[in-house]
Amino acid sequence: MPLRKALAALCLTVCCGGAAMAREQSLQVLHWWKSTSERKAVDLIAQRLGEQDIGWRDGMIPSGSGVGAGIVLRSRMLAKDAPEVAQLNGIVIRDWARLNLLLELDTVAAAGHWNKLLLPTVASTIQYDGHVYAAPLGIHRINTLFYNRKLLARVGQPVPTTWQEFERVAARLQQAGIVPLAQSSEPWQVATLFETLVLAEGVDLYRNLFQKRSAAAYADPRLAAALARLRSTKRWMGSPIQERRWEGSVREVAENRAAMMVMGDWAKGELVVRGLAVDEDFGCAASPGTARYHLYNIDTLSMLGTHPELRPAQEKLAALALSPAVQADYNHIKGSIPVLRNPALAKMDACARASWKLFASSAEAQVPSLVHRMATDEIVRDAIVAEVHRFFLDDSVTVADAQRRLGTIASTFTKTK
Ligand code: GAL
């Protein structure tokens, strides 16, 4: 194409695109969903929003578990350049609402009867001081053990339900030249494994450490046992243990190089998008010793009150998140479960159904994830993750030392109500 013609074509595209942009409203959305399945889930919401003539300007900050996204959001707020929508999970909703930075969504919630639709724990997570500050998308189960069926069958081993059994199964896998546990040394991924190990030591211990932050719990020998287990589990992780995104571990399991993986069930979304089928190629069970509990986090979107003229569009996005079709389709791709009291259970796979049934069974079964921002203040969460990571990487740090330092972290900061 001659240059002048090409320029004219380009101008046409830009001008028309610009005019279209000016006609429709659009929202910039800050989030950290980068993997293929996460991207697919985001695209689905963006497309459904587009059907209502609202554009989705994507602000993805790649940072598994969202630490980087949080930093970017804070600096953009300070620079008065906030996006209209942000993924702010759990405790962070409360922190930002308290500072008056979020739009309250009471009208949308009342119009959509959210109090009747939502599982009670979800309803309370999105509220602060009696007002609604986030639109919930899905609930993930963190204490999930993914296993490659072919590899376990090859060594004739069952799915381990305790850490003692895990040791036996892992030894057999290793003898057969298979990496027993796919794991990254990224801080949040190490800490995600660690919180499942703490839960296996006792739900009372978990709640006292991470929700109540009681000093006595930090001196409990079971915390030492969880730390020791974290260290001893390193020998089943292949060597060297790489610092990689979580999709790297998913790939190892999918390509029959590693047999198991402990990870939130967003990993299921990624296994499925790679062409593997639930119950045929891989299965999901509770991470060892935690079958009675649902260690959870809830993905939510909050609206920032930066442009009053965009409020109707923001409210439409909030309402859309709760529509039965988005709940079913989005969570199917993402690996999570709907936040609803009456979801379409028949459309779910076996992992999702088991997850939803356990979560909905009782408040006692629900355990909020520390690492994924459901249990305690952000500053304490960050410090615990860093300490656990240091302990994991450096074998010269003793269990007693790490335990003492975790106790100091928990008692140094006053707990925000
Ligand atoms: C979690 C989030 C999940 C998933 C994961 C890894 O914090 O809740 O939706 O995205 O991080 O990126």
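Each remark here, short or long, concerns the structure printed above.
This one's a predicted model, so the numbers in the text were calculated from it and none came from an experiment.

Definitions and limits used
Within every chain, residues take consecutive numbers counted from 1 along the sequence as written. Per-residue local features of the predicted model are confined to residues with pLDDT of at least 70, and side-chain atom pairs are confined, for both listing and counting, to 80 or more; whole-chain, interface and lining totals are unaffected and use all residues. Only hydrogens and water are set aside; all other atoms, that is, all heavy atoms of the structure, feed into the side-chain values. Only a single heavy atom is needed: when it lies within 4 Å of a molecule or strand, its residue is near that molecule or strand. The term polar contact refers here to a pair of N or O atoms within 3.5 Å; inside protein, the definition further demands a hydrogen-donor-capable atom paired with an acceptor-capable atom, and it admits residues adjacent in sequence only when both atoms are side-chain atoms. Here the accessible surface of atoms and residues is derived via Shrake-Rupley with a 1.4 Å probe, and residues count as covered only by protein chains that are part of the display. Only rings of Phe, Tyr and Trp enter the pairing, Trp through its six-membered ring, and a pair is recorded when the two centres are within 6.5 Å. The plane angle decides the type: under 30 degrees is stacked, over 60 is edge-to-face, the rest tilted. Helix and strand assignments come from DSSP, with helices taken as H or I runs of at least 4 residues and strands as E runs of at least 2, each series counted from the N terminus. Placement of a positive charge over a ring is assigned whenever Lys NZ or Arg CZ falls within 6 Å of the ring centre and within 35 degrees of the normal to the ring plane. Any two residues whose heavy atoms approach within 4.5 Å are treated as being in contact. For this text, the term disulfide refers to a pair of cysteine sulfurs within 2.5 Å. Accessibility here uses a 1.4 Å probe with only protein chains present; expressed as a share of the type maximum, an area under 20% marks a residue as buried, one over 50% as exposed, and anything in between as partly exposed. Directions are taken from the helix axis to each C-beta atom, and the arc is the one they span.

**Student:** Before we move on, can you summarise the site of the ligand with the specific residues and values?
**Tutor:** The local shell around the ligand holds 13 residues, among which Trp33, Glu38, Asn297, Asp299 and Lys334 are the closest. For the ligand, an oxygen atom lies 3.5 Å from a polar atom in the side chain of tryptophan 246. Asparagine 297 places a side-chain nitrogen or oxygen 2.8 Å from an oxygen atom of the ligand. Within the complex, 99% of the 310 Å² of free accessible area of the ligand lies under protein.

**Student:** Help me get a handle on the packing of aromatic side chains, residues and values and all.
**Tutor:** Within this structure, the stated rule accounts for 6 aromatic pairs. Ring geometry for tyrosine 296 against phenylalanine 359: centres 5.2 Å apart, planes inclined by 85°, an arrangement best described as edge-to-face. Of this pair, tyrosine 296 sits in strand S11 (residues 294-303) while phenylalanine 359 is found in helix H18 (residues 350-361), placing the two residues 63 residues apart along the sequence. Positioned above the aromatic ring of phenylalanine 392 is the side chain of lysine 234, whose terminal nitrogen or guanidinium carbon lies 5.2 Å from the ring centre.

**Student:** Now, about the environment of glycine 90: what can you tell me, with residues and values included?
**Tutor:** With respect to the helices, strands and loops of the structure, glycine 90 is situated in the loop between strand S3 (85-87) and helix H4 (91-98). Between the alpha carbons of glycine 90 and glutamine 164 there is a distance of 33 Å; along the sequence they are 74 residues apart. If we ignore the near neighbours within four places in the chain, the residues touching glycine 90 are Thr125, Thr300, Arg373 and Met374.

**Student:** Quick one: what's the story with unusual backbone geometry, residue by residue and with numbers?
**Tutor:** Cis peptide bonds are those with omega within 30 degrees of zero, and the linkage from serine 239 to proline 240 qualifies with 0°. As for its position among the elements, proline 240 is in the loop between helix H13 (221-233) and helix H14 (246-254). For asparagine 100, which is not glycine, the phi torsion reads 65° and is therefore positive. Looking at where asparagine 100 falls in the secondary structure, it is placed in the loop between H4 and helix H5 (106-111).

**Student:** If you had to explain the side chain of threonine 290 to someone new, which residues and values would you point to?
**Tutor:** Structurally, threonine 290 can be placed in the loop between strand S10 (282-286) and S11. Separated by 2.6 Å, the side chain of threonine 290 and the backbone oxygen of serine 287 make a polar contact.

**Student:** Summarise the state of the cysteines; cite the residues concerned and give the values.
**Tutor:** Under the counting rule described, the total for this entry stands at 1 disulfide. What pairs with cysteine 284 in a disulfide is cysteine 351, and their sulfur atoms sit 1.8 Å apart. Within this pair, whereas cysteine 284 is found in strand S10, its partner cysteine 351 is found in helix H18, the two being separated by 67 residues in sequence.

**Student:** Describe helix H17 (residues 324-334), with residues and values.
**Tutor:** Burial in H17 covers these residues: Val326, Gln327, Tyr330, Asn331, Ile333 and Lys334. Along the axis of H17, the buried positions cluster into a sector of 155°, meaning they face one direction only. Every exposed residue of H17 that faces more than 90 degrees away from the buried side is listed here: Pro324 and His332. Against helix H2 (36-50), strand S6 (135-141), helix H15 (266-273), S11 and helix H16 (311-321) lie the buried residues of H17. Looking one or two residues beyond H17, the residue adopting positive phi is glycine 335, at roughly 95°.

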